[in-house]
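A structural walkthrough
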Amino acid sequence: MSASPLSAARDVAGLRAAVNGWRKAGLSVGLVPTMGALHEGHLSLVRTAKARCDRVVASLFVNPRQFAPHEDFERYPRDEAGDSTLLASAGCDLLFAPERTVMYPEGFSTNVIVTSVSTPLEGEMRPHFFGGVATVVTKLLLQCLPDAAFFGEKDYQQLLVIKRLAHDLDMPIEIVGCPTVREHDGLAMSSRNAYLNADERRVAGRLNLVLHEAIKAVRGGAAIVDAEAEASRHLSAAGFTSIDYVAIRDAETLERLDELRDPARVLAAAWLGKTRLIDNMEV
Ligand code: AMP
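Before going into details, it helps to say that this report is about the structure given with it. Remember, predicted model here, so these are calculated numbers, not experimental data. (Residues numbered from 1 in each chain as written. Predicted model: local features only at pLDDT ≥ 70, side-chain atom pairs only at ≥ 80, totals over all residues. Heavy atoms only, no water.)

**Structural notes on the site of the ligand**
Put simply, the rule reads: Nearness of a residue to a molecule or strand requires only that one of the residue's heavy atoms be within 4 Å of it. Counted as a polar contact is a pair of N or O atoms within 3.5 Å, where, for protein atoms, one must be capable of donating a hydrogen and the other of accepting one, and residues adjacent in sequence contribute only when both atoms are in side chains. Calculation of accessible area relied on Shrake-Rupley with a 1.4 Å probe; when residues are assessed, cover is drawn exclusively from the protein chains displayed. Working definition: helices are DSSP H or I runs of at least four residues, strands are E runs of at least two. Numbering for both runs from the N terminus. Gly falls in the polar group here, along with every residue not listed as nonpolar (Ala, Val, Leu, Ile, Met, Phe, Trp, Tyr, Cys, Pro) or charged (Asp, Glu, Lys, Arg).
Residues in contact with the ligand amount to 16 residues; listed here are only the nearest, His-42, Gly-152, Asp-155, Val-181 and Met-189. Take Gly-152: an N or O atom from its main chain is 2.9 Å from an oxygen atom of the ligand. In the complex, the protein chains occlude 92% of the 490 Å² of accessible area that the ligand would expose alone. If you list the elements that add at least two residues to the shell around the ligand, you get β2 (29–34), α2 (40–52) and β5 (148–152). Residue composition of the shell around the ligand, by class: eight nonpolar, six polar and two charged.

What follows is the structure in structure tokens.
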């Protein structure tokens, strides 16, 4: 156990005992799922949750099922003691930090698959990803049974997938999307930004600027395909080593748009060396 002031539950019984106690006292409960290595983006979710709910649970679990074998599960940054201190300072009431065997005991055989919004973009580039996310989030929501759960728009497609699954499975839980928190140069905060070296970090700040330019272009009448292609060219010229996609899509379904129509969203994923960055904005 860490020496932090925040109490921690390690299993579902401990989590439910705390949540049931609050419920009996008439208190509402918010859940903020995370994979740790926390930054201001995560803490903004905790503060929003605390403003909306009487008690806040943050979960910390680096979910192996959402990483492909060649991805960064092993090197993903981990610092439970530091995270716990930050969560306490943001007003969190309980840390839920289960071991892998608590989440996926021997014999675990269920996979939650959301179709439609899971299919394009991240779904094409990381085919394993949304199955892993939907499965772990379904588990966390059912383990905690909060009144509301809070997710960042930083992972916009993930937010749509989670809204879809909560709706489709009739979960009595409000899914709340929260704005992306950014560094001074506009780079969306991410635990993976820690992988960037100084040169890559400088280039990373261009991603949000290029998306702003793409928005300006389509708002000014440019064709969507041209704005997307131009944005990809700018990212390459800025030093991004590979572009997975820059896409202007329907903001609710992520379907392609022949011409601009509200609500629309621009989404991008691009690599700087071994680090993959994503970002998105309302058009
Ligand atoms: P992660 O630990 O990366 O799985 O993220 C946990 C939650 O924090 C997810 O709902 C993310 O969308 C959210 N999040 C991550 N980065 C940011 C950010 N820069 N601004 C707002 N929310 C974020």
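**With respect to the pattern of salt bridges**
The line we're drawing: Here, a salt bridge means any side-chain nitrogen of Lys or Arg that lies within 4 Å of a carboxyl oxygen of Asp or Glu. Only protein chains enter the accessibility calculation, which uses a 1.4 Å probe; a residue whose area is less than 20% of its type maximum is buried, one above 50% is exposed, and one in between is partly exposed.
Counting across every chain of the model gives 18 salt bridges. Here Arg-265 and Glu-153 are joined by a salt bridge, their closest N and O atoms 3.6 Å apart. Taken as a pair, Arg-265 in strand β8 (residues 264–272) and Glu-153 in the loop between β5 and α7 (156–168) lie far apart in primary sequence, 112 residues in all. By relative accessible area, which is 8% here, Arg-265 ends up buried. For Glu-153, a relative accessible area of 24% corresponds to the partly exposed category.

**A look at the packing of aromatic side chains**
What counts is decided by this rule: Geometry of aromatic contacts follows a simple scheme: Phe, Tyr and Trp rings, the Trp one being its six-membered ring, pair when their centres are within 6.5 Å, and the pair is stacked under 30 degrees between planes, edge-to-face over 60, tilted otherwise.
Evaluated as defined, the whole model comprises five aromatic pairs. With centroids separated by 6.0 Å and ring planes inclined at 55°, the aromatic side chains of Phe-61 and Tyr-104 adopt a geometry described as tilted. Taken together, the positions of Phe-61 in the loop between β3 (55–60) and α3 (80–89) and Tyr-104 in the loop between α4 (100–103) and α5 (122–125) put the pair 43 residues apart, joining distant regions of the chain. Exposure remark for Phe-61: the relative accessible area of 6% places this residue in the buried category. Judged by its relative accessible area of 12%, Tyr-104 falls in the buried class. Aromatic pair Phe-67 and Tyr-76: ring centres 5.8 Å apart, planes at 75°, arrangement edge-to-face. In this structure Phe-67 comes out as buried when scored by relative accessible area, which is 7%. Joined through ring pairs, the aromatic side chains of Phe-61, Tyr-104 and Phe-108 make up one cluster.

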